Each structure stands twice: as structure tokens, then as C-alpha cells.
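These are the residues of each chain, in order.
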Amino acid sequence: MTIKQLKSVFSEELSSIYPKTEIDTFFYITVEEYLNFKRIDTVLKAGEEIEKETEQIILSLLDRLKKEEPIQYIIGKTEFYGLPFNVNSNTLIPRPETEELVQWIIEESSSFGKEIKILDIGTGSGCIPISLKVNLPSAKVSTIDISSEAIQIAKQNALINNVEIEFINSDILQNKSLPDNYDIIVSNPPYVRELEKEEIKNNVLLNEPHLALFVENDNPLIFYDKISILASKHLNKGGILFFEINQYLGKETSQLVKNNGFNTIHLRKDLFGNDRMIKATL
Ligand SMILES: C[S@@+](CC[C@H](N)C(=O)[O-])C[C@H]1O[C@@H](n2cnc3c(N)ncnc32)[C@H](O)[C@@H]1O
């Protein structure tokens, strides 16, 4: 099969499941991963034959895409904030909204003018603490997750990105205190209500870890409540709490954080125009 034929096979096999732009993205990621082809090569070398062995690998990837498995899990990696990250079904696939949160934290960190301590709660792939450490090399960065499997991947990612992070395997909902005091505490905790499951696409619902995504309908802010209470006791003077939040619960989350002792709350929208991030100070 040639590259051109492969592109047609992707369209034919996937067009009933995914929009064209997404199919194109899958195709370009695939040829880059297995043939080391840049996008322009798919035009310049459109008639080139793919080796049989590679063709088989790509066709089995196509089968998995047809079952709505995320391509990041199939190839085992993704990019976040311009950095490489391994992912598997124990780690959430990092989202672009979270890159915006990281950007905000990096901007605000310059105001400290000293070596700062950062704690991230709910590490997943380690995307938040690792991208912060890469961009704020003098910061001391720690991170907590209940999932030892996620921490295993996050540790690999710290190695790949050549940074030192402290990893703590624990359940934040059971913690009576935090291990230290910090200048910045950040969390992107589980925040999707069970009632929002209908809105969630199959590729997420059937593949990403429910432990990372869902909270009970009747207590959707459980993590924000616990973490803001802990943060109110463990932030250094001038410290900042950052959250990624459920877009439908911006007002409620802000109010809760306020009730837990934070004076100034900034609610920020993401690139898609949804309430998505909070910055809070005591
Ligand atoms: C929404 S994911 C965020 C992952 C990553 N920070 C990101 O932005 O892609 C939430 C993370 O919180 C972790 N988590 C869930 N319950 C937890 C708990 N009780 N204590 C600590 N971590 C928890 C999950 O394992 C998951 O990695």
C-alpha cells in the first residue's frame, strides 16, 4: 500500500466515527510515529510503498481507532506544553485547557522573586508538575496522586524531561494535613459529575480512568472543598491556590473557595470561552 492509499483507507474506515479534521490528525500522527514522515512528506512521497510489517502495525492501530481508543493510548505518548509525555489507561490524557492553567501559574510565579515550593494534587501523567519544573527550574516541586499506576508513568515522564520531582502516593481526601507549606498549590482534580456522562464522548468514557474524571452528583466539589481547606493552612504568606474547574460550576466553586478563607478569587475562561480556572489568595 502507498502513503496516498493509506490516507484513503483512514478516511474510508473512520469517517462514520470521527470528523475529517480528526481523521487527518490521526493520519499525520501515525505516519510521523511509524514512518518518521512529516506532513509535507505525505505529499512529496505520496506514491512510496509502505513496508508490509509497518503496514500491519498501522492497520492494527486503525482497528483500535475504530473501537474509539484514543490515539495517545495506542502510541503510548502525547505532548503537553511542548514537552513529551508517556500516557496509558491509568493516566488522563492531558488537555489543552490545562496548558492554559500552567501558563497562568508560570506568569504569576515571577512575582515571588525567590525559590518557591509548589505542590500539585492529582498528578496523572505528571503534566502539571513536570511542565512547571521545566519552566521554573529553581522551584521545588512535589505532587500527590492516589493512583500508584499513574505515579509510575509520571515518574517515567520526569526522567524523560530530565527534572526532579517529589512523588507522594496518597489519598488527598483522607489527608488531615499536607507534607509541607507551599507558595503555590495547584490541582486539576476529578470534576465531571455522573450526570454529565451523557455529554462525554465514547473515546473518553470507555478508555480514560474514571478515578481521574468523575465525582458524585450530590457532592461534585468534594475535592475543591478538601483542597482549599488544606491550602488555607499550608500556603505561605502571599501564596496562591490554582484550580482547574468544572465549566458549569464556576460560581459555586469560587464561592466555596471563598467560604474556606480565600479573599481574592479570579475566575478565568479557557480558549473555548468556558469558565475553567481559578486563582485564589488568602
Ligand atoms: C483530572 S485528573 C488530572 C491529571 C493531571 N493533573 C492532568 O491535568 O492531566 C485527576 C487526578 O487525580 C487523581 N485522584 C483521584 N482521586 C484522588 C484522591 N482521592 N487523592 C489524590 N489523587 C486523586 C487521579 O488519579 C487523577 O490522576
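The coordinates are above.
All of the points below concern the structure found in this document. (Residues numbered from 1 in each chain as written. Predicted model: local features only at pLDDT ≥ 70, side-chain atom pairs only at ≥ 80, totals over all residues. Heavy atoms only, no water.)

Looking at the overall build of the protein
Move 1: Scanning the protein from N- to C-terminus turns up 12 helices and 11 strands.
Move 2: In terms of overall dimensions, the protein has C-alpha extents of about 65 × 40 × 30 Å along its principal axes.
Move 3: Counting over 282 residues, the protein shows a buried share of 51%.
Move 4: Put simply, the protein shows about 13900 Å² of open surface, and 49% of that area lies on carbon and sulfur atoms. (Helix = DSSP H or I, 4+ residues; strand = E, 2+ residues; numbered from the N terminus. Buried < 20%, exposed > 50% of the residue type's maximum accessible area, 1.4 Å probe, protein only. Areas by Shrake-Rupley, 256 points an atom, 1.4 Å probe, with all protein chains shown as cover.)

Describing the sheet that holds strand 3 (residues 117–121)
Move 1: Pairing is mixed in the open sheet, where 7 strands are placed in the order 5-4-3-6-9-11-10. Each end of this open sheet is capped by a strand with a single partner; those strands are strand 5 (166–169) and strand 10 (264–269). Averaged over all pairs of adjacent strands, the angle between their axes in this sheet comes to 15°, without regard to strand direction.
Move 2: Two strands pair when backbone bridges link them, and strand 9 (residues 235–244) and strand 11 (residues 275–281) are joined in this way by 5 bridges, in the antiparallel orientation. Within strand 11, the residue paired with Ile 240 across the bridge is Thr 281.
Move 3: Running over the sheet, helix 6 (residues 96–109) touches strand 6 (182–187), strand 9, strand 10 and strand 11 and is turned about 165° from strand 9. (Pairing = 2+ DSSP bridges. Axes fitted to C-alpha atoms, helices over the stretch in contact; angles between N-to-C directions. Contact = heavy atoms within 4.5 Å.)

Describing the pairing of strand 5
Move 1: In this sheet, strand 5 lies alongside strand 4 (residues 140–145) in parallel orientation, the contact comprising 4 bridges. Residue pairing across strands places Thr 143 opposite Phe 167, the latter belonging to strand 5.
Move 2: For the segment spanning strand 4, helix 8 (residues 148–160) and strand 5, crossover handedness is right-handed. (Right-handed = clockwise from strand over helix to strand, strands pointing away.)

Focus on the site of the ligand
Move 1: Near the ligand you find 21 residues, and of these Gly 122, Asp 145, Asp 171, Ile 172 and Asn 188 are the closest.
Move 2: Measuring from a nitrogen atom of the ligand, one finds a backbone N or O atom of Ile 146 at 3.2 Å.
Move 3: In the environment of the ligand, a nitrogen atom lies 2.9 Å from a nitrogen or oxygen atom belonging to the backbone of Ile 172.
Move 4: Burial of the ligand by the surrounding chains reaches 96%, relative to a free accessible area of 600 Å².
Move 5: Elements that contribute at least two residues to the shell around the ligand include exactly helix 7 (127–135) and helix 10 (210–213). (Near = heavy atom within 4 Å. Polar contact = N/O pair within 3.5 Å; in protein donor to acceptor, adjacent residues only side chain to side chain.)

Comments concerning helix 11 (residues 222–234)
An α-helix turns once per 3.6 residues; consequently, residues spaced three or four apart project the same way.
Move 1: Here helix 11 contains 13 residues, and its C-alpha end-to-end distance of 18 Å stays within 8% of the 18 Å for a straight helix at 1.5 Å per residue.
Move 2: Inspection of helix 11 places Phe 223, Tyr 224, Ile 227, Ser 228, Leu 230, Ala 231 and His 234 among the buried residues, and these make up the whole buried set. One side of helix 11 holds all its buried residues, which, seen down the axis, span an arc of 165°.
Move 3: Residues of helix 11 that are buried in the fold lie against strand 3, strand 6, strand 8 (214–215), strand 9 and helix 12 (250–259). (Expected span 1.5 Å × (residues − 1). Arc of directions from axis to C-beta.)

Regarding the pairing of strand 4
Move 1: The element strand 4 is extensively covered by neighbouring structure, given that 5 of its 6 residues are classed as buried.
Move 2: Alignment of strand 3 against strand 4, held across 5 bridges, turns out to be parallel. Its bridge partner lying in strand 4, Ile 118 is registered against Val 141.
Move 3: You can see the chain leave strand 3, run along helix 7 and come back into strand 4, and the turn it takes is right-handed.

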